[in-house]
Amino acid sequence: MRSTMVWLTFATTTFSLWTLLLPAVHARVCGNETGTTTGGITVWSQEDADAKLDGCTTLVRVLNIGHNYTGDFVLRGVTNLTRGLRSASGKWWDNPDETEEGVPGLTSISAPDLLETGSYYGVTLLNATGLKSISFEKLRKAHVVELKFGSGDGKMSFPALETITGYLRILGNYSSMDFANLTNVGNAITVRSRPEEDSSYYSTSLVLGSNPPLAIDFPSLVNCSNVEIVGNISRISAPKLATIGDFTGNSLFYTSYYDGLKVNTQGSPLDLKFPSLWNTSRVAVAGTIANLSFSALKRVEDLTINAELPLSVNLWPLESAENIYLSGNLTEAISHLIVVRAKKHG
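Residues numbered from 1 in each chain as written. Predicted model: local features only at pLDDT ≥ 70, side-chain atom pairs only at ≥ 80, totals over all residues. Heavy atoms only, no water.

The subject of this paragraph is the overall build of the protein. When its secondary structure is counted, the protein shows three helices and 29 strands. Buried positions account for 48% of the 346 residues belonging to the protein. A sequence separation of at least 24 residues applies to 42% of the contacts in the protein between residues at least 6 apart. For the protein, the exposed area adds up to about 16200 Å²; of that, 55% sits on carbon and sulfur atoms. (Helix = DSSP H or I, 4+ residues; strand = E, 2+ residues; numbered from the N terminus. Buried < 20%, exposed > 50% of the residue type's maximum accessible area, 1.4 Å probe, protein only. Contact = heavy atoms within 4.5 Å. Areas by Shrake-Rupley, 256 points an atom, 1.4 Å probe, with all protein chains shown as cover.)

This is the structure in structure tokens:
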């Protein structure tokens, strides 16, 4: 028994001495050296970024990726960007050296240590037509996430992201997405395969042309204020989405005049199912929809269906709707919908 006690004491002492020998890691706030956080910090290369952000764990200014940046960008060591990160998007008050050229040479971006982005820009990556990979493996909270791809082989990975207090916008074509733990989006979710079609209005006659099919997966999403999906959509999976309600964030970052669910798909026949959605004011779906199911939705203000493919619709368990608009290639479900509407207005 005594020998065991001596061994444990020795092991504990050795561990304590070893920890004392480890280099101390201190949090360092950067960007306020002049006493103000006005303006941004622009990086023009990986070497420039490493030099300007050396030792920083928190940056209290906007981080800009300069228009002539080329290759991969790795944000090392920084855990908090209080005013966000963005690619060059023209001259602004906080980056007067910029141009309207965008960042065509940026090929990938990763932030292996980043945990949170604050107000203003969150993660805003626009005008980077060569961007192939976006990886924020540890990011848990962001103010906004706005991504724009120039081709169909882009990949985005946000596996730890749980909350977006503002909006999520994905523009352009991509090959894969990972938002495995995203639960709450305070404002709107927008996915559009053609950024040039970006608009705040709903069009049932939108012709998208030839675009690669997009798969949209939000396995953990529960709440948001608005969903707008437009493109050649091969899959939409949001099995836990329950509420599409009033936006909860700052109205400055609210990007849509429409509250509810909008899906306009052109291309592959789409099975459209939202098994948990019970709380939304409007539903508008259009295009090449093969099957439609809202198995928890009992009440809605406005329902719009414009089918291009033969579509048999069963809206059970819907009990009431103020307005129902039907058009396109609807089959035997039409008589059932008229009965539902008659009950509402009768």
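There is more to say after this.
In spatial order, the strands read 5-8-11-14-17; together these five strands make up an open sheet with parallel pairing. Edge positions in the open sheet fall to strand 5 (71–74) and strand 17 (174–178), since each of these has one partner strand only. Averaged over all neighbouring strand pairs, the angle between strand axes comes to 10°, with direction disregarded. Taken together, the three bridges between strand 11 (residues 133–135) and strand 14 (residues 154–157) define a ladder with parallel strand orientation. Following the sheet pairing, Ile 134 is matched in strand 14 by Met 156. (Pairing = 2+ DSSP bridges. Axes fitted to C-alpha atoms, helices over the stretch in contact; angles between N-to-C directions.)

With that out of the way, let us pick up the pairing of strand 14. In this sheet, strand 17 lies alongside strand 14 in parallel orientation, the contact comprising four bridges. Paired with Ser 157 across the bridge in strand 17 is Asp 178.

Glancing now at the nonpolar core. Core analysis: the largest hydrophobic core is formed by 80 residues, its most contacted members being Leu 63, Phe 73, Ile 134, Phe 136, Met 156, Phe 158 and Phe 179. Among the elements that make up this core, the one with the highest residue count is strand 28 (residues 299–311) (five residues). Not counting the four nearest positions on each side in its chain, Leu 63 is found in contact with Ile 41, Val 43, Leu 53, Phe 73, Leu 75, Leu 81, Gly 84, Leu 85 and Arg 86. (Core = buried A, V, L, I, M, F, W, Y, C linked by side-chain atoms within 4.5 Å.)

The alternating pattern of strand 16 (residues 168–171) places Leu 168 and Ile 170 on one face and Arg 169 and Leu 171 on the opposite face, and all of these are buried. For strand 13 (residues 145–148) and strand 16, the ladder comprises four bridges, and the chain directions are parallel. Across the sheet, residue Val 145 finds its bridge partner in strand 16, namely Leu 168. Pairing of strand 16 with strand 19 (residues 188–192) involves four bridges; the strand directions are parallel. Following the sheet pairing, Leu 168 is matched in strand 19 by Ile 189.

Looking now at the sheet that holds strand 7 (residues 85–87). Ordered in space as 2-4-7-10-13-16-19-22-25-27-28-29, the 12 strands form an open sheet in which the pairing is parallel. Across the chains shown, the open sheet's two edge strands, defined by having one partner strand only, are strand 2 (40–43) and strand 29 (320–330). Adjacent strand axes in the sheet meet at a mean angle of 15° when their direction is disregarded. When strand 27 (residues 282–293) meets strand 28, the two strands line up parallel, connected through six bridges. Residue pairing for strand 28: Ala 286 is matched across the bridge by Asn 306.

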